[in-house]
Amino acid sequence: MEPGNGSGTAAAAGTEGMVSVVLREGGYAVLSMHKEPVNSLDLAMWRALEKALDVLEGDQAVRGLVITTGLKRDVFTAGNDLLELHAPRTSAARYREFWVTSNRFLKKLHTSRLATIAAIRGACPAGGCMMAMCCDHRVMSSAGTMGLNEVQLGIPVPKYWGLLMAKLIGTKAADKLLLTGKLVSPGEAKALGLVDQVVDKAELLGAAEKVMHQLVKLPPSAVRATKVSLRGDFAAEWAAYYEVEPEGAWAFLNQPDTLRVLEGALQRLSGKKAQQQQGAAWRAPLLQAVTPLPAHCLPTRALVCMMYYYACDSTWILDIDVYINDIDDCSRAEMV
């Protein structure tokens, strides 16, 4: 990836398309994550994010960064890949590298000389929430959830992740969220101060870039010095802690109760994937069956949609439901 002046597109070399960067006129970049299906944050993804940030930091023509999702589905990122946390499927050495790499990137993002904005579309749990909190400004779509939900997965919230949330929204509010693993709605996130703006999905990136246009006009040296003053001590303590944190965390991940909860979560995810694969086999013939049906066959078409709904992931029903949305009001009234 070679940022420079002007507009253009660049992809971080060696990241297999997981991260891409578009340079905007005005001196900022838009980084998109598009690691199907849900931008899960494994070691490779954290490495890609860190590499992209390092390159942008090194280009003095770049003064700001917007981070967003490039997925079709409404997911900013689903958070850390559970396979990196499930002890039987990894190793102490791999886990240490994973943890240090992820937290090093997050610390760099939190203290970056760049103006940083998270444009959050859809789901934003755990590591995705932490990534957003490390940015200077957060804009969220009107549909989605956000929070540090580690407790619900049977693992403790990482110390400095919880402390950062407390810095943003206050200790009392953070305690309530962290101790229950609750994910909040966009409206709740805005009321708590976890995000700064809530907008319609179609307006998300535009709203983020509008703020960025203002941020990059501020005197960079003054902003940088203020960031160091406000965040420097916290970041230094965090950096020292994440170097030793993996040892205790690895012991916790090997506890029977933790293994049981994580194995259950992985089994649920595996079952959902199998259901989606089974549903995919139904997809083509059902689409072929429903497409030629005329408007007066609306009840039949609705029945096909119901069949499809039960055959696969319910979100895919939108693929067929679009046909019903195209029917005119008169034909729609015939069903009443």
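Note that the coordinates shown come from a computational prediction; the quantities given were computed from them, not determined experimentally.

(A) Highlighting the overall build of the chain. A count of helical and extended segments in the chain gives twelve helices and nine strands. The buried share of the chain, reckoned over its 336 residues, is 47%. Residue pairs in contact within the chain that sit at least 24 positions apart in sequence constitute 70% of those at least 6 positions apart. Put simply, the chain shows about 16000 Å² of open surface, and 56% of that area lies on carbon and sulfur atoms.

(B) Spotlight on the pattern of salt bridges. In total, this model carries 15 salt bridges according to the counting rule given. Overlapping salt bridges bring together Glu50, Asp54, Arg104 and Lys108 as one network.

(C) Seen up close, the pairing of strand S2 (residues 19-24). As defined by bridge partners, S2 adjoins strand S3 (residues 28-33) across six bridges and the pair is classed as antiparallel. Residue pairing in the sheet places Val19 in a bridge with Met33 of S3. Hairpin remark: S2 followed by S3, antiparallel, with three residues in the connecting loop; positive phi at Gly26, about 115°.

(D) Up close: helix H8 (residues 220-253). Its 34 residues give H8 an end-to-end C-alpha distance of only 42 Å, which falls more than 12% under 50 Å, the value for a rise of 1.5 Å per residue. The largest bend along H8 measures about 55° and falls at Arg231.

(E) Local environment of the environment of Glu57. Assignment of secondary structure puts Glu57 in helix H1 (residues 43-58). By relative accessible area, Glu57 is classed as partly exposed at 21%. Separated by 57 residues in sequence, Glu57 and Leu114 place their C-alpha atoms 7.1 Å apart. In this structure, Glu57 is in contact with Lys108, Ser112, Arg113 and Leu114, ignoring residues within four places of it in sequence.

(F) Local environment of the pairing of strand S4 (residues 64-69). Of all six residues making up S4, six are buried, and the element is well covered by its neighbours. Here S4 shows no split at all, with Gly64, Val66 and Thr68 on one side and Leu65, Ile67 and Thr69 on the other all buried. As paired strands, S4 and strand S5 (residues 115-120) are joined by four bridges and run parallel to one another. In the sheet register, Leu65 faces S5, and the bridge partner there is Thr116. Chirality of the crossover, the property in question, places the unit of S4, helix H2 (residues 92-110) and S5 among those that are right-handed.

(G) Broad picture of the packing of aromatic side chains. Taken as a whole and judged by the stated rule, the model has eight aromatic pairs. On the numbers, 5.8 Å between centres and 50° between planes, the contact of Trp46 with Phe105 is tilted. Taken together, the residues Trp46 in helix H1 and Phe105 in helix H2 connect sequence positions 59 residues apart. The same class applies to Trp46 and to Phe105, which are both buried.

(H) Local environment of helix H5 (residues 171-180). Of all the positions in H5, only Ala174, Leu177 and Leu178 are classed as buried. What you see down the axis of H5 is that its buried residues fit within an arc of 95°, all on one side. Exposed and oriented more than 90 degrees from the buried face of H5 are Lys172, Lys176 and Leu179. Residues of H5 that are buried sit in contact with helix H4 (159-169) and helix H6 (186-192). Positive backbone phi, at 70°, marks Gly181, one or two positions downstream of H5.

(I) Broad picture of the confidence of the model for the chain. With 76% of its residues at a pLDDT of 70 or more, the chain shows a mean pLDDT of 82. Considering only residues more than four positions removed or in separate chains, one finds that residues 300-336, a stretch of pLDDT under 50, has 57 contacts.

(J) Region of interest: the environment of Leu53. By the secondary structure assignment, Leu53 is in helix H1. Look at Leu53 and you get buried, because its relative accessible area is 2%. Not counting residues within four places of it along the chain, the set of residues in contact with Leu53 comprises Leu65, Phe105, Lys108, Leu109, Ser112 and Leu114.

(K) Representation of the packing of H4 against H8 in the model. Packing of H4 against H8 brings their axes to within 10 Å, and their N-to-C directions diverge by 160°. Here H8 runs roughly antiparallel to H4, going by the angle between their axes. Side by side, H4 and H8 meet where Lys159, Tyr160, Trp161, Leu163, Leu164 and Lys167 of the first sit next to Leu230, Phe234, Glu237, Trp238, Tyr241 and Glu245 of the second. Taken together, the residues that form the contact of H4 with H8 break down as eight nonpolar, no polar and four charged.

(L) Inspection of unusual backbone geometry at higher detail. Between Glu36 and the following residue, Pro37, the backbone shows a cis peptide bond with an omega angle of 5°. Mapped onto the elements, Pro37 comes out in the loop between S3 and H1. If you check the backbone angles, Asn39 has positive phi at about 55° while not being a glycine. Classification of Asn39 by relative accessible area gives buried; the value is 0%.

Cut-off values and rules
- Just so you know, the residues in each chain are numbered from 1, in the order the chain's sequence is written.
- In view of the model being predicted, local features appear only for residues whose pLDDT reaches at least 70, and side-chain atom pairs are presented and counted only at 80 or more, with totals across whole chains, interfaces and linings using the full set of residues.
- Side-chain measures were taken over the full set of non-hydrogen atoms in the model, leaving aside hydrogen atoms and water.
- To qualify as a helix, a DSSP run of H or I must reach at least 4 residues; to qualify as a strand, a run of E must reach at least 2; elements of each kind are numbered from the N terminus.
- Think of it in three bands: residues with accessible area under 20% of the maximum for their type are buried, residues over 50% are exposed, and the middle band is partly exposed, with areas taken using a 1.4 Å probe on protein chains only.
- In what follows, a contact means two residues having at least one pair of non-hydrogen atoms within 4.5 Å.
- Only the protein chains shown count as cover for residues, and all accessible areas are computed by the Shrake-Rupley method using a 1.4 Å probe.
- Within this document, salt bridges are pairs made up of a side-chain nitrogen of Lys or Arg and a carboxyl oxygen of Asp or Glu, the two lying within 4 Å of each other.
- Two strands are counted as paired when DSSP detects at least two bridges linking them.
- To estimate the expected span of a helix, count its residues, drop one, and scale the result by 1.5 Å.
- The angle between axes fitted to the seven-residue stretch ending at a residue and the seven-residue stretch beginning at it gives the bend at that residue.
- Looking down the strands as they point away from you, a crossover is right-handed if its path from the first strand over the helix to the second goes clockwise.
- Within 6.5 Å between ring centres, the rings of Phe, Tyr and Trp (the latter by its six-membered ring) count as paired, and their orientation is classed by plane angle as stacked under 30 degrees, edge-to-face over 60, tilted in between.
- The arc under discussion is defined with respect to the helix axis, by the directions toward the C-beta atoms.
- Known as pLDDT, the predictor's confidence for each residue is given on a scale from 0 to 100.
- As a rule, the C-alpha atoms of each element are fitted with a line to give its axis, helices using only the stretch in contact, and angles between N-to-C directions run from 0 to 180 degrees.
- Oblique is the label for any angle not covered by the other classes, which are roughly parallel (under 35 degrees), roughly antiparallel (over 145) and roughly perpendicular (65 to 115).
- When residues are sorted by character, Ala, Val, Leu, Ile, Met, Phe, Trp, Tyr, Cys and Pro go into the nonpolar class, Asp, Glu, Lys and Arg into the charged class, and all the rest, Gly among them, into the polar class.

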